[in-house]
Amino acid sequence: MKAMRLEATGKLFTREVEKPAAGTDDLLVRVEACGVCGTDRHLYHGEFPCTPPVTLGHEFSGIVEQVGSAVTGFNVGDRVTGDPNIACGRCSQCVNGRVNLCRNLRAIGIHRDGGFADYVVIPHKQAFLLPANLDPMHGAFCEPLACCIHGIDLADIKTGSSVVVLGGGVIGLLTVQLARLAGATTVILVTRQAARRRLAEDLGATHSVDPALGDVLAQISGETGLVPGGVDVVLECAGVGETVVQATKLVRPGGTAVILGVMAQGEKVAIEPFDLLFREVKLVTSFLNPFTHRRAADLIASGKIEVGKLISRRVSLDEAPDVVRNPPQPGEVKVLVVPGL
C-alpha cells in the first residue's frame, strides 16, 4: 500500500510499504479521508515531539476491512472514526480521569503509523461508529472537532455570553459553531483573511474583525468597540504569540481566556501577571480531546456542525507531502488527503 512517511525532521515522502494486518484487539481500516493538521507541519519541521520513522495522519475515518479475533461491536464494512490518542489507563493522570495528560500517551500518526495511508490499524477501543450514509469526507473532522469540544467545555460558555474566536482556520471555524450551540449570542471571529471572515459569518459568527483595519483591542473591547469592556470568553485558535497575548487582554474582568492553538515547542510570549491578577482573568489551556470523540462523532452525524464548507481541496497520497511541507494557501481551511485519488 501507499503511505506518507516522516522519515526524519524535514524528510517526508510517500512510499510503498507493506499493508498491515489487524491484531487481536485491533481494526484494520481502509482510509477514506485524513485531514492535514497544523500539527503535521510542526512534526515535519521538528517543532512537535514524535517518533519517526512514522506514517503521519491523525484526523482520519474509513471503512473496517478486518476485525481482530477478540473484538466485539464492530463488523467488516462499518464506517468508523478513530481517536488517535491512546492513554495507558494506569498512570495517576489516567486513574484520575485526565487521559489527555497520560504520562505514557501514544498517538496514532505521531508515535505509531497513522492515516495518511491506504490502510491504518487502530485499537478497537479508539474506534467510534459513524452512520453508513455519512459523506465519507466528513468523518475526518471528528478529531479536530473533539479537541474543540474540550476547549468549549473548559470555557464554560453561558447562554447569552459574548465570545471572541482568534484565528480563522478549521479549529476557529469549528469553535465558532460550537460557541453558538453553547448559547453565545455574540460570537466574533478575528482573522486577516477575508474569505475566512465571510465563511465564519456564514457559519454563525455575528461579527468578524480584520486586524489589518486597526488595533483588535480597540475594535472589540474599546469604548466604541463591539463589546466595550471586553468579552466573557476568548478562545485562541491560531497558535500565534500575538493572539495568545490578545486573548488575555480582550477578555473582561472575571472572564475566561482559553488557549487551543498550538505554538511551536520552545516559543514564548510575554504576558503581565499583575494585569491578569487585578482583573481576575481565568487563563486556561486546552489539550487534546479527553472523552469528547464520541460527542464529536455524534455532532458530525447529526449535521448540526457544518463541515462540508470547510473542505478547501482533496489531494492524493502522492500530492500530500507538498501540502504538509508548505504553509496553507490563502483562504485555505482544510485539505483532505484521499487515498485512491
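Definitions and cut-offs
Residues numbered from 1 in each chain as written. Predicted model: local features only at pLDDT ≥ 70, side-chain atom pairs only at ≥ 80, totals over all residues. Heavy atoms only, no water. Helix = DSSP H or I, 4+ residues; strand = E, 2+ residues; numbered from the N terminus. Rg over C-alpha atoms; globule rule 2.2 N^0.38 Å. Buried < 20%, exposed > 50% of the residue type's maximum accessible area, 1.4 Å probe, protein only. Contact = heavy atoms within 4.5 Å. Lys, Arg positive; Asp, Glu negative; His and termini not counted. Charge placed at Lys NZ, Arg CZ, Asp CG, Glu CD. Pairing = 2+ DSSP bridges. Axes fitted to C-alpha atoms, helices over the stretch in contact; angles between N-to-C directions. Phe/Tyr/Trp six-rings, centres within 6.5 Å; stacked < 30°, edge-to-face > 60°. Lys NZ or Arg CZ within 6 Å of the ring centre and 35° of its normal. 1 Å grid on protein atoms, 1.4 Å probe; cavity = no way out; pocket = protein on both sides within 12 Å on 5 of 7 lines; lining within 4 Å. Points joined across faces, edges and corners; volume = space filled by probe spheres on them. Nonpolar A, V, L, I, M, F, W, Y, C, P; charged D, E, K, R; others polar. Parallel < 35°, antiparallel > 145°, perpendicular 65-115°, else oblique. Left-handed = near helix turned anticlockwise from the far one by under 90°. Disulfide = S-S within 2.5 Å. Core = buried A, V, L, I, M, F, W, Y, C linked by side-chain atoms within 4.5 Å.

### Some points on the overall build of the protein
Logical step 1: Looking only at helices and strands, one finds 10 helices and 18 strands in the protein.
Logical step 2: For the protein, whose C-alpha radius of gyration is 20 Å, the value lies close to the compact-globule estimate of 20 Å for 341 residues.
Logical step 3: Dimensions along the principal axes, computed over C-alpha positions, put the protein at roughly 65 × 40 × 40 Å.
Logical step 4: When the 341 residues of the protein are sorted by exposure, 56% land in the buried category.
Logical step 5: When contacts within the protein are restricted to residue pairs at least 6 apart in sequence, those whose partners lie at least 24 apart make up 68%.
Logical step 6: Treating the 33 positive side-chain charges of the protein as one cloud and the 36 negative ones as another, the clouds have centres 2 Å apart.

### Thoughts on the sheet that holds strand β12 (residues 186-190)
Logical step 1: In space, the six strands of this open sheet follow the order β13-β12-β11-β14-β15-β16, with parallel pairing throughout. Of all the strands in the sheet, just β13 (207-209) and β16 (282-285) have a single pairing partner and so form its edges. Between one strand and the next, the sheet's axes are offset by a mean angle of 20 degrees, whatever the strand orientation.
Logical step 2: Examined bridge by bridge, strand β14 (residues 231-236) and strand β15 (residues 251-259) share five bridges and lie parallel to one another.

### Some remarks on the packing of aromatic side chains
Logical step 1: Under the defined criterion, the tally for this structure stands at one aromatic pair.
Logical step 2: Residues F274 and F278 carry aromatic rings whose centres are separated by 5.8 Å and whose planes lie at 15 degrees to one another, so their mutual orientation is stacked. Of this pair, F274 and F278 are both found in helix α8 (residues 273-279), four residues apart, which corresponds to roughly one turn of the helix. The residues F274 and F278 share a single accessibility class, namely exposed.
Logical step 3: Just above the ring of Y119 sits the side chain of K19; from NZ or CZ to the centre is 4.2 Å.
Logical step 4: When the ring centre of F13 is taken as origin, the NZ or CZ atom of R325, which lies over that ring, is 5.9 Å away.

### Remarks on the sheet that holds strand β2 (residues 11-16)
Logical step 1: What the three strands build is an open sheet, ordered β2-β1-β4; its pairing is antiparallel. At either margin of the open sheet sits one strand with a lone partner, and together these are β2 and β4 (54-55).
Logical step 2: Pairing analysis gives two bridges linking strand β1 (residues 2-8) to β4, with the strands arranged antiparallel. Residue pairing for β4: R5 is matched across the bridge by T55.

### Thoughts on the layout of surface pockets
Logical step 1: When its volume is computed, the second largest pocket comes out at roughly 270 Å³.
Logical step 2: Residue lining of the second largest pocket: 17 residues in total, with D83, N85, V99, Q126 and F291 positioned closest to the centre.
Logical step 3: Residues of the lining of the second largest pocket, tallied by class, amount to seven nonpolar, seven polar and three charged.

### So, the packing of helix α3 (residues 142-155) against helix α4 (residues 170-181)
Logical step 1: It is the contact of α3 with α4, at a shortest axis distance of 9 Å, that shows an interaxial angle of 50 degrees. Considering their axes alone, α3 and α4 lie oblique with respect to each other. The two elements α3 and α4 meet at a crossing, and its hand is right-handed. Between α3, through P144, L145, C148, I149 and I152, and α4, the contact on the second element is made entirely by I171, L174, T175, L178 and A179.
Logical step 2: In terms of residue class, the contact of α3 with α4 is built from nine nonpolar, one polar and no charged.

### Notes on the state of the cysteines
Logical step 1: Scanning the entire structure with this criterion turns up zero disulfides.
Logical step 2: Of the cysteine sulfurs around C148, a residue in no disulfide, the closest is that of C237, at 6.3 Å.
Logical step 3: On the basis of relative accessibility, which here comes to 1%, the residue C148 falls in the buried class.

### Some words on the nonpolar core
One recurring pattern in soluble globular proteins is that nonpolar side chains are buried together.
Logical step 1: Ranked by size, the top nonpolar core spans 46 residues in total, and within it L145, I157, L235 and L310 carry the most contacts.
Logical step 2: Counting residues per element, this core draws most heavily on α3, at seven residues.
Logical step 3: Residues within four places of L310 in sequence aside, it is in contact with F141, V170, L173, L174, L199, L203, V333 and K334.
Logical step 4: L6, V54, I122 and A320 belong to the second-largest nonpolar core, a separate cluster that totals 32 residues.

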